[in-house]
Amino acid sequence: AYRLERTKQMMEEDGLDAIITWEPWDIRYIASAYVPMATRWGGQQFVVLPRNGEPHLFSYTCYATEALQEEMPWLNGRVWAAPEGGKFVTRLEQTDTFLQRVCGILAEYGITSGLIGLDACPSFAVYAEALQRAGFSVTDPVLTMFKARMIKNEDELACVRYACYAADAAFAAIQKAIRPGVRECELQGLGMEALYSLGADETMDFVVASGPRTFPLHIDYTDRIIRPGDYIDIDINGNSYMGYKSCYYRTFICGEANEEQKEGFEVARKMMYDGMAQIKPGNTTAHICAQWPKDPAFWGYSDMAACQHFAKGHGIGLVFQEAPFFSCAYNDATELRPGMVLALETWYGPRGADFGAGIKETVLVTETGCDVLTHYRSDQIIECQA
């Protein structure tokens, strides 16, 4: 109910008479319906939301629509089989069934013209022309949905916290396994096992970068064998509980850290906490960014655009990366408000070194400042003795 009301409030602000969304996360936000990863590619499932009405779901996560109606009683029977469409639509005539169903729903609420937002529309040009021929105007409502999802209520925050707790457990399993001879892909598997055993409904691949793959930082994982003295940068990103995500970097080392490695980590850690100290209501993302270097030479580059990922932040919730977006290279000075959840990330590698340290925290903007939701040790490199 909260999410639906937020959506309608932002539709009112932006003058939208209806939204049609194919975006899996916005389908979940508006209709509390999960689109599994295996059914996302085709983009055939969608929700129709009249601003003055209720959401209507077109889905095929079960081949029997009647079963879906029983399983989602909050939609009061407004669940239908998805018609032909999505990425398979290449010709106007293929939208006939879609148009008939959608226009019928909108007419029930007295909407026969006006502005419709096509959210993550898989064949935008074709669908837009079909709706325009039916008498509607169309727009992309991505900013409308960004605004709707930006402020979380207590139930959403409980899910984000749980996702962070599960990531704590994944880090513990990974730390225990780090030793000479273990491979990046093994650490990936152990972390995912911990997350799914604690109820994750899905998770993205982690970043597991070790040794020279930490400078420059690679945001993937391989079958590289970890050796004594290797840095290991791990980002448990996109771990999802009831749809809500955590985003969480830690730096480990196989063995003991030397002084140069400790100093490099401290640079990244200080950037993180200097930025985090600016998080409070009334400040903006610009206050955070002001704490980060503005000279690309700090990271050994000549262009700040090349450095944008070394100190950055974004919102997080149902979507792994949502508004606001900001970094050392750009920001839009978004006002910080209670209920926002932000993920802040900093990285540093000493010039000429073959290692770099990453740290990322997920934080809640509160009435008085911020609450750090990610609790795994971050005051120093995490040493892993064989």
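Here is a short report on the structure shown in this document. (Residues numbered from 1 in each chain as written. Predicted model: local features only at pLDDT ≥ 70, side-chain atom pairs only at ≥ 80, totals over all residues. Heavy atoms only, no water.)

Overview of the sheet that holds strand β1 (residues 18–21)
One open sheet accounts for 6 strands, arranged β4-β3-β2-β1-β5-β6; its pairing is mixed. The outermost strands of the open sheet, each flanked by one partner alone, are β4 (79–81) and β6 (136–139). Between one strand axis and the next, the sheet turns by 20° as a mean value, whatever way the strands run. Pairing of β1 with strand β5 (residues 114–119) involves 4 bridges; the strand directions are parallel. Bridged to I19 within β5 is G117. Contacts from helix α5 (residues 124–133) reach β1, β5 and β6, with the element oriented near 155° to β6. (Pairing = 2+ DSSP bridges. Helix = DSSP H or I, 4+ residues; strand = E, 2+ residues; numbered from the N terminus. Axes fitted to C-alpha atoms, helices over the stretch in contact; angles between N-to-C directions. Contact = heavy atoms within 4.5 Å.)

Re α5
Of all the residues in α5, the buried ones are V126, Y127, A128, A130 and L131. Where α5 is buried, its residues contact β1, α4 (96–108), β5 and β6. Where α5 terminates, the next one or two residues include G135, which has phi positive at roughly 105°. (Buried < 20%, exposed > 50% of the residue type's maximum accessible area, 1.4 Å probe, protein only.)

Some words on the packing of helix α1 (residues 2–14) against helix α6 (residues 142–150)
With their axes 9 Å apart at the nearest point, α1 and α6 run at an angle of 140° to one another. By the angle class used here, α1 and α6 are oblique. The two elements α1 and α6 cross, and the hand of that crossing is right-handed. Contact residues: R6, T7, M10, M11, E13 and D14 in α1; T144, M145, K147, A148 and M150 in α6. Of the residues that constitute the contact of α1 with α6, the class distribution is 5 nonpolar, 2 polar and 4 charged. (Parallel < 35°, antiparallel > 145°, perpendicular 65-115°, else oblique. Left-handed = near helix turned anticlockwise from the far one by under 90°. Nonpolar A, V, L, I, M, F, W, Y, C, P; charged D, E, K, R; others polar.)

What to know about the nonpolar core
Grouped together as the largest cluster of nonpolar side chains are 36 residues, with contacts concentrated most on I279, I288, W292, W299, L342 and L344. Those elements that place two or more of their residues in this core are α6, α9 (259–276), α10 (285–289), β11 (322–327), β12 (341–348) and β13 (357–365). Among the elements that line this core, the one with the most residues is α9, at 5 residues. Aside from chain neighbours lying at most four places away, what touches I288 is G275, Q278, I279, F326, L336, L342 and L344. Counting 33 residues, the second largest nonpolar core, distinct from the first, contains L57, V79, L157 and C159. (Core = buried A, V, L, I, M, F, W, Y, C linked by side-chain atoms within 4.5 Å.)

As for a nonpolar patch on the surface
On the surface, Y34, M37 and Y196 cluster together into a nonpolar patch covering about 290 Å² of accessible area. With respect to the helices, strands and loops of the structure, M37 is situated in the loop between α2 (24–31) and β2 (46–50). (Patch = residues over 30% accessible without salt bridge, like charges linked within 9 Å, V, L, I, M, F, W, Y side chains within 5 Å. Areas by Shrake-Rupley, 256 points an atom, 1.4 Å probe, with all protein chains shown as cover. Salt bridge = Lys/Arg side-chain N within 4 Å of Asp/Glu carboxyl O.)

Comments concerning the packing of aromatic side chains
Within this structure, the stated rule accounts for 20 aromatic pairs. Between the aromatic rings of F171 and Y248, the centroid separation amounts to 4.8 Å while the plane-to-plane angle is 85°, which identifies the pairing as edge-to-face. Here F171 is found in helix α7 (residues 154–177), whereas its partner Y248 is found in strand β9 (residues 244–254), with 77 residues between them in sequence. Just as F171 is buried, Y248 falls in that class too. Between F171 and F252, the aromatic rings sit 5.8 Å apart at their centres with planes inclined by 40°, giving tilted as the arrangement. Of this pair, F171 sits in helix α7 while F252 sits in strand β9; the two residues are 81 residues apart in sequence, bridging distant segments of the chain. (Phe/Tyr/Trp six-rings, centres within 6.5 Å; stacked < 30°, edge-to-face > 60°.)

A closer look at the pairing of β5
Alignment of β5 against β6, held across 4 bridges, turns out to be parallel. Residue pairing for β6: L115 is matched across the bridge by S137. The parallel pair β5 and β6, bridged by α5, forms a crossover whose chirality is right-handed. (Right-handed = clockwise from strand over helix to strand, strands pointing away.)

Focus on unusual backbone geometry
Put simply, F215 and P216 share a cis peptide bond, and its omega is -5°. Along the chain, P216 falls in the loop between β7 (207–210) and β8 (231–241). Looking along the chain, the bond that leaves A323 and enters P324 is cis, with omega of 0°. Along the chain, P324 falls in strand β11.

Overview of the state of the cysteines
Evaluated as defined, the whole model comprises 0 disulfides. Left without a disulfide partner, C164 is nearest to the cysteine sulfur of C247, which lies 9.4 Å away. The thiol of C307 is not disulfide-bonded; the next cysteine sulfur, from C328, is found 6.1 Å away. (Disulfide = S-S within 2.5 Å.)

A few points about the pattern of salt bridges
A complete count under the given rule lists 23 salt bridges for this structure. The closest approach of N and O atoms between E54 and R78, which form a salt bridge, is 4.0 Å. Linking E54 in the loop between β2 and β3 (56–59) with R78 in the loop between α3 (65–71) and β4, this pair joins segments that are 24 residues apart in sequence. R78 gets classed as buried once you look at its relative accessible area, which sits at 12%. Here E345 makes a salt bridge to K360, at a shortest N to O gap of 3.2 Å.

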